[in-house]
Amino acid sequence: MNSLLTDFRYAVRKMAREPLFTLVAVLALALGIAANTTMFSVVDTVLFQSLPYGDPEELIFLQEHQPESGVLPVAPANFVDWQRESETFEAFTAYVGPEAGSRTKFTLIGPGGEPERLQGTSVTANFFQLFEIESVAGRLLTPEDLETSGDQTVMISHRLWQRRFGGDPNIVGETVVVEGTGRTILGVLPPDFAFPEANVDLWLPLNFDFSSIRRAHFFQVVGRLPPDANLASAQAEMDALAKNLEQEYPATNANLTVEAIPLRDRIVGDTSQTLLLLLAAVGLVLILTCANVASLMIARATTRQGEMAVRTALGADQQRITGQLLIEMMVLALVAGGASLLLTQGLLTLVGQWAPEGVPRLDQAALDLRVILFTAAVTLLVTFLCGLAPVLSSRRLD
């Protein structure tokens with residue numbers, strides 16, 4: 001332990017005596033580590049972290065398909081039939097999104113600011129219950145609300161609550177005007193709920209009789225399976241229901257099939273390969289950075305041959321010299337790792353602002369414990385990769 005402390009103090013003094021070398025090495029490593037940490041945070045959030053809903057693995061996205069039309073949203077009347085006839089699913093819910101070409105921009109007028117145009121979506125009454133979430137203020141929309149107040153209600157996002165209404169809990173129960181209709185704010189949704197899109201701020205109830213609409217396809221449908229069901233059984237039942245509806249309504253449901261896919265796969269889409277390729281690319285950048293820093297370490301080692309020869313002559317064995325060199329590299333890597341966390345925070349902000357649309361949950365990427373542990377692991381890897389070259393060079397010392 002005394003040797004470690006001595007080597008640590010010596011490494012700090014060495015860094016202070018060589019400020020230019022220290023600055024170049026730390027900056028290069030910090031940028032490389034920050035790039036990897038940022039990409040890991042994005043990949044971890046988008047691909048690996050659980051969706052912020054109750055039992056998200058039980059949520060299934062359903063879409064229809066016709067050979068001549070391709071993938072289609074669901075016809076509302078078919079959605080009603082599924083609700084009535086399905087025995088595999090616990091429940092279905094539907095929403096109207098921009099995928100169906102529906103209007104999803106709404107003008108909000110009310111307290112807290114000037115009129116503004118906001119992204120919204122219309123949902124069936126059991127929408128929030130199916131996702132098993134809780135409101136942070138007020139309460140959730142329920143089927144009973146449609147019976148008593150019709151379409152005179154609205155749910156708002158946590159982001160809108162903070163930005164426009166200052167997080168005032170008394171805003172619940174107030175009336176705002178949405179597209180010329182007065183609506184009572186029922187509640188505020190949790191900050192990590194961003195469905196069907198990250199920029200949605202308003203959720204309005206679907207309040208019209210859609211049970212006879214079978215030719216138009218504009219419902220996006222999510223179903224919840226019970227714990228003992230699986231995707232194969234769900235798909236088999238939907239195939240059977242589609243066949244029954246085709247026989248009953250040949251004019252509208254001919255060759256119409258149903259595809260059931262996990263909701264996570266629907267949300268992630270085809271972004272997984274792109275993100276993993278980007279993570280591999282910044283990993284290669286880090287390796288190149290380590291190679292450059294290792295070259296700097298070897299160049300510096302040539303100027304320290306006299307020092308190492310004296311240490312050897314005084315009795316230091318190869319293990320002692322190797323430990324000293326690795327401690328010096330560890331101190332550099334620790335400083336770079338700390339700086340990289342600050343850079344990562346800034347890069348995540350830039351990613352959230354400048355990233356292309358279509359990457360789901362990108363706004364939820366943040367510095368958390370998993371990201372910090374990843375940074376620590378990368379720092380240890382950098383120590384090994386960069387410290388290996390001067391250690392090997394020291395073994396050839398006469």
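Residues numbered from 1 in each chain as written. Predicted model: local features only at pLDDT ≥ 70, side-chain atom pairs only at ≥ 80, totals over all residues. Heavy atoms only, no water.

(A) A look at the overall build of the chain. Looking only at helices and strands, the chain features 13 helices and twelve strands. Its C-alpha atoms give the chain a radius of gyration of 29 Å, more than 25% over the compact-globule value 21 Å for 398 residues. With the C-alpha coordinates aligned to their principal axes, the bounding extent of the chain is approximately 95 × 50 × 35 Å. The buried share of the chain, reckoned over its 398 residues, is 46%. Pairs at least 24 residues apart make up 81% of the contacts formed inside the chain by residues separated by at least 6 positions. Side chains of the chain give 27 positive and 43 negative charges; the mean places of these two sets differ by 15 Å. (Helix = DSSP H or I, 4+ residues; strand = E, 2+ residues; numbered from the N terminus. Rg over C-alpha atoms; globule rule 2.2 N^0.38 Å. Buried < 20%, exposed > 50% of the residue type's maximum accessible area, 1.4 Å probe, protein only. Contact = heavy atoms within 4.5 Å. Lys, Arg positive; Asp, Glu negative; His and termini not counted. Charge placed at Lys NZ, Arg CZ, Asp CG, Glu CD.)

(B) A look at the pairing of strand E10 (residues 202-205). The alternating pattern of E10 places Leu202 and Leu204 and Trp203 and Pro205 on opposite faces, both of which are buried. When strand E5 (residues 116-123) meets E10, the two strands line up parallel, connected through four bridges. The residue of E10 that forms the bridge with Ser122 is Leu204. Here strand E7 (residues 153-156) runs beside E10; their pairing, made up of two bridges, is antiparallel. Looking at E10, one finds that Ile156 is bridged to Leu202. (Pairing = 2+ DSSP bridges.)

(C) Quick peek at helix H7 (residues 231-248). Here H7 is 18 residues long and its end C-alpha atoms lie 26 Å apart, about the 26 Å a rise of 1.5 Å per residue gives. All of the buried residues along H7 are Ala234, Glu237, Met238, Leu241, Ala242 and Leu245. Down the axis of H7, the buried set is contained in an arc of 140°. They therefore lie on one face. Across from the buried face of H7, at angles greater than 90 degrees, the exposed residues are Ala232, Lys243 and Gln247. Elements in contact with the buried residues of H7: strand E1 (59-66), helix H3 (76-85), strand E3 (91-96), helix H8 (250-253) and strand E12 (257-262). Backbone nitrogen of Ala232 and a side-chain oxygen of the N-cap are separated by 3.2 Å at the start of H7; the cap is Asn230. (Expected span 1.5 Å × (residues − 1). Arc of directions from axis to C-beta. Polar contact = N/O pair within 3.5 Å; in protein donor to acceptor, adjacent residues only side chain to side chain.)

(D) View of the pattern of salt bridges. Taken as a whole and judged by the stated rule, the model has twelve salt bridges. Here the residues in one salt-bridge network are Asp81, Arg84, Glu85 and Arg214, joined through shared partners. (Salt bridge = Lys/Arg side-chain N within 4 Å of Asp/Glu carboxyl O.)

(E) Spotlight on the environment of Arg183. Mapping Arg183 onto the fold places it in strand E9 (residues 181-188). Of the residues examined, Arg183 reaches a relative accessible area of 8% and is grouped as buried. When the C-alpha positions of Arg183 and Leu241 are compared, they lie 37 Å apart, and in sequence the two are 58 residues distant. For Arg183, the side chain forms a polar contact with the main-chain oxygen of Thr153, separated by 3.1 Å.

(F) Focus on unusual backbone geometry. The residue after Phe195, namely Pro196, is reached through a cis peptide bond having omega 10°. Structurally, the position occupied by Pro196 is in the loop between E9 and E10. In this model, Glu179 sits at a positive phi of 55°, which is unusual for a non-glycine residue. Tracing the backbone shows Glu179 in the loop between strand E8 (175-178) and E9. For Glu179, a relative accessible area of 34% translates into the label partly exposed. The backbone of Asn255 sits at a positive phi, close to 60°, despite the residue not being glycine. Here Asn255 is to be found in the loop between H8 and E12. Asn255 gets classed as partly exposed once you look at its relative accessible area, which sits at 45%.

Read these as geometric descriptors, not functional statements.
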